[in-house]
Amino acid sequence: MSSVVVGFEKTGYHGCDGFVADKVLLWGESLHMSTNDYDWLGHGIYFWENNPIRAWDWAQRHPNPAVLGARIKLGRCLDLLQPKCVDTLRRHYEIFLAEMTLLRAPLPKNTSGGRHLDCAVIEHLHRYRLHYGKPPFDSLRCAFEDGEPIFPGSLLRTLTHVQLCVRNHDCILSYFLVDRP
């Protein structure tokens, strides 16, 4: 059974500075991949799936906020909303753990400041696939529980969303500018 979901198209929203949006829309430049060691889905370009409001919230961190919408074909996607993909990542963690143990290297830790362990395991999975002649994933998709409980005692959160992480620029079919809400 394959651990890859192939081909679905999604709409994603990326909060950024207006200068970045202009470079993409007017000059045809690509968005830059985030390569922080704490990026929770590994390295890539992050989008809120079907959620321009969250992208606008994020964009407010910039002096000249803007939101780019994008049509995204997920390609080879590690969709962590699918059980077979969750199993793939779970099994790969065991490989990663064994390698770290063999190397006597400290295991990265997830903290409130970043998802260092999640990022390390996902990046290791991409390198592992390449090493064994399998293509890396074009994208990743996962739900992220965020925010406060919706009401006292609830496990539902006010800011829960689906995040897309695009690693292959060819998966971004087109961009468009999103008006302020």
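This one's a predicted model, so the numbers in the text were calculated from it and none came from an experiment. (Residues numbered from 1 in each chain as written. Predicted model: local features only at pLDDT ≥ 70, side-chain atom pairs only at ≥ 80, totals over all residues. Heavy atoms only, no water.)

Peer 1: Explain the packing of aromatic side chains here, please?
Peer 2: Each aromatic ring pair is summarised here by two numbers: the centre-to-centre distance and the angle between the ring planes. If you walk through the whole model with that rule in mind, you get 5 aromatic pairs. Ring centres 6.2 Å apart and planes at 65° place the aromatic pair F19 and W27 in the edge-to-face group. A relative accessible area of 47% means that F19 is categorised as partly exposed. Here W40 and F144 contribute two aromatic rings whose centre-to-centre distance is 4.6 Å and whose plane-to-plane angle is 50°, an arrangement assigned as tilted. With W40 in the loop between α1 (18-27) and β3 (45-49) and F144 in strand β8 (residues 139-144), this pair connects stretches of sequence that are 104 residues apart. We note R129 situated over the ring of F137; from NZ or CZ to the ring centre the distance is 4.3 Å. (Phe/Tyr/Trp six-rings, centres within 6.5 Å; stacked < 30°, edge-to-face > 60°. Buried < 20%, exposed > 50% of the residue type's maximum accessible area, 1.4 Å probe, protein only. Helix = DSSP H or I, 4+ residues; strand = E, 2+ residues; numbered from the N terminus. Lys NZ or Arg CZ within 6 Å of the ring centre and 35° of its normal.)

Peer 1: I'm lost on the side chain of D39 in this one. Help?
Peer 2: Here D39 is to be found in the loop between α1 and β3. Within the buried set, D39 has no salt-bridge partner at all; the shortest N-O distance to an opposite charge, 8.5 Å, is to R167. With residues near it in sequence (within four places) discarded, D39 still touches S34, Y46, R115 and C119. (Lys, Arg positive; Asp, Glu negative; His and termini not counted. Salt bridge = Lys/Arg side-chain N within 4 Å of Asp/Glu carboxyl O. Contact = heavy atoms within 4.5 Å.)

Peer 1: How should I be thinking about the state of the cysteines in this particular structure?
Peer 2: Put plainly, two cysteines are in a disulfide when a covalent bond ties their sulfur atoms together. Throughout the structure, instances matching the rule amount to 0 disulfides. Among the cysteines around C77, which has no disulfide bond, C85 carries the closest sulfur, lying 6.7 Å off. In this structure C142 is a free cysteine whose sulfur lies 10 Å from that of C77, the closest cysteine sulfur available. (Disulfide = S-S within 2.5 Å.)

Peer 1: What is the right way to look at the packing of helix α3 (residues 83-102) against helix α4 (residues 116-131) in this model?
Peer 2: The relative placement of two packed helices is expressed as an angle between their axes plus a distance between the axes. At a minimum axis distance of 9 Å, the contact between α3 and α4 shows a crossing angle of 95°. By the angle between their axes, α3 is roughly perpendicular relative to α4. Note on element contacts: α4 touches α3 through L117, A120, V121, I122, H124, L125 and Y128, opposite L89, H92, Y93, I95, F96 and E99. By residue class, the composition of the contact of α3 with α4 is 10 nonpolar, 2 polar and 1 charged. (Axes fitted to C-alpha atoms, helices over the stretch in contact; angles between N-to-C directions. Parallel < 35°, antiparallel > 145°, perpendicular 65-115°, else oblique. Nonpolar A, V, L, I, M, F, W, Y, C, P; charged D, E, K, R; others polar.)

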